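What follows is each chain in one-letter form.
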Amino acid sequence: MSIQVQLKHRFDDLHLDVGFDAPAGVTALFGASGAGKTTVVNAVAGLLQPDQGLIRVGDTTLLATARGLSLPAHKRQIGYVFQEGRLFPHLSVQQNLRYGRWFARRRVARGQAHEARLVEMLGLGPLLARRPGDLSGGEKQRVAIGRALLSAPRLLLMDEPLAALDAPRKDEILPYLERLRDEAEVPILYVSHAISEIARLATTVAVLDRGQLRRAGPVQDLLSDPELAPIIGLRDTGALIAGRVVAHHDDGLSEVAAAGGRLFLPKVPTPVGDSLRVRVNAKDVMLSLERPEGISALNLLDCVVTSVRMGRGPGAFLQLQAGDAQILARVTKRSVEALGLRAGLRCHAVIKTVSVARADVGGRG
Ligand SMILES: Nc1ncnc2c1ncn2[C@@H]1O[C@H](COP(=O)(O)OP(=O)(O)OP(=O)(O)O)[C@@H](O)[C@H]1O
């Protein structure tokens, strides 16, 4: 189900002007602190009445200020997951979940089967009898997500849902969020300023900068767009490559068939035959005009340079086409000149195996 958001609102020190359409899946709102992400989420939830706006989820209009229409928050059927789960401490996990269902009872009769499916999807079975005080942060968030989904929402809003978790808890919960994206059939608006989460989860990204929408579009296009590098960060700008696991080797490497060639990654948990996304940061890509021989890096992709963008400093970004995939490389201007790198030139991208970080490998959206 698609979502459409157009908002204009003025606070004393923020002039919000944001508009994007997103297809089904996870739409990530990305931007620095104060960019206006939570303001957008609050307007969608009905907690903030914007000066002007149009918000639609599928065929349902939640807000159309031009027509004087604004559904009150409790009629919007939106599930909200906050940074901390905000569970009821005196209720068991099962009772917390059923509290969500209570809201949906008057609207839909999805019943036991829906609850059982969500419990399975979020791995909540072993936790049902426990109280929130006995759960880890990641487990609490899974319960909060289950509770939000049991209220049969049209849309799930997640505002930095992993921000309060440490790295191992984040790794634990990310596969559940991937399943949610792929199986739950509920669009998700997901606020984050962690590129690794966005690279892994998002279908669409809307980039906000001081209240203004800088760009919105498919995650693959945006993360590898050199124009957005100042906002995304030079370290984090890079490509997302779709691939399929073809083998797990005895030496601890997994082999992935990607557009343009084979990639070897530190072992990933994805089964052979399944698809995944691999993130390749621009700073980790080197270029060679000849096919390199006798080199320790295992990952070599045949590419054609599609654009060269010189930065203000010593660096340059090169966009490269490798089969169906786009890759981004960040090299020095000096190298661009020395190698004569220009649009249309064939070359070889060298990606060091170790640079494909485990946390950056996720299921394909
Ligand atoms: N109720 C309000 N009244 C006045 N100004 C507000 C109000 N809510 C937000 N703002 C302004 O809007 C700016 C953006 O706030 P918002 O919480 O939407 O940003 P954010 O991108 O979610 O930031 P963070 O990542 O820190 O949560 C704030 O810096 C503040 O100046």
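In this numbering scheme, every chain counts its residues from 1 along its sequence in written order. Where local features are concerned, this predicted model is filtered to residues with pLDDT of at least 70; where side-chain atom pairs are given and counted, the filter is 80 or more; whole-chain, interface and lining totals use all residues.

### A short note on the packing of helix H4 (residues 137-150) against helix H5 (residues 167-183)
- Here an axis means a line fitted to C-alpha atoms, over the contact stretch when the element is a helix, while the angle between two N-to-C directions is reported on a 0 to 180 degree scale. The secondary structure listing takes helices from DSSP runs of H or I that are at least 4 residues long and strands from runs of E that are at least 2 residues long, numbered from the N terminus. Viewed as axis vectors pointing N to C, H4 and H5 meet at an angle of 20°, and their least axial separation amounts to 8 Å. Taken together, the axes of H4 and H5 lie roughly parallel to each other. The chirality of how H4 crosses H5 is right-handed. Touching Gly137, Gly138, Gln141, Arg142 and Ile145 of H4 are Arg169, Glu172, Ile173, Tyr176 and Leu180, all from H5.
- The class makeup of the residues in the contact of H4 with H5 is four nonpolar, three polar and three charged. Put simply, angles under 35 degrees are roughly parallel, angles over 145 are roughly antiparallel, angles from 65 to 115 are roughly perpendicular, and the rest are oblique. By definition, turning the near helix anticlockwise from the far helix through less than a right angle yields a left-handed crossing, and turning it clockwise yields a right-handed one. With C-beta atoms placed from the backbone, a contact is any residue pair whose C-beta atoms sit within 7 Å. Put simply, Ala, Val, Leu, Ile, Met, Phe, Trp, Tyr, Cys and Pro go in the nonpolar bin, Asp, Glu, Lys and Arg in the charged bin, and everything else, Gly too, in the polar bin.

### Section: the site of the ligand
- What makes a residue near a molecule or strand is its C-beta atom, placed from the backbone, lying within 6 Å of it. Contacts to the ligand come from 13 residues, most closely from Phe11, Leu14, Ser33, Thr38 and Thr39.
- Residue contributions to the shell around the ligand peak at three residues, all from helix H1 (residues 37-45).
- Grouping the amino acids of the shell around the ligand by side-chain chemistry returns three nonpolar, seven polar and three charged.

### A few points about the domain arrangement of the protein
- Domain boundaries assigned for the protein yield domain 1 (3-232) and domain 2 (238-363).
- All the domain ranges listed were derived from an automatic or database domain assignment. Each of domain 1 and domain 2 has a C-alpha centre, and the two are 32 Å apart.
- Taken together, the twelve residues of domain 1 in the interface contact 13 residues of domain 2.
- Those elements giving two or more residues to the side of domain 1 that touches domain 2 turn out to be H5, helix H6 (195-201) and helix H7 (219-223).

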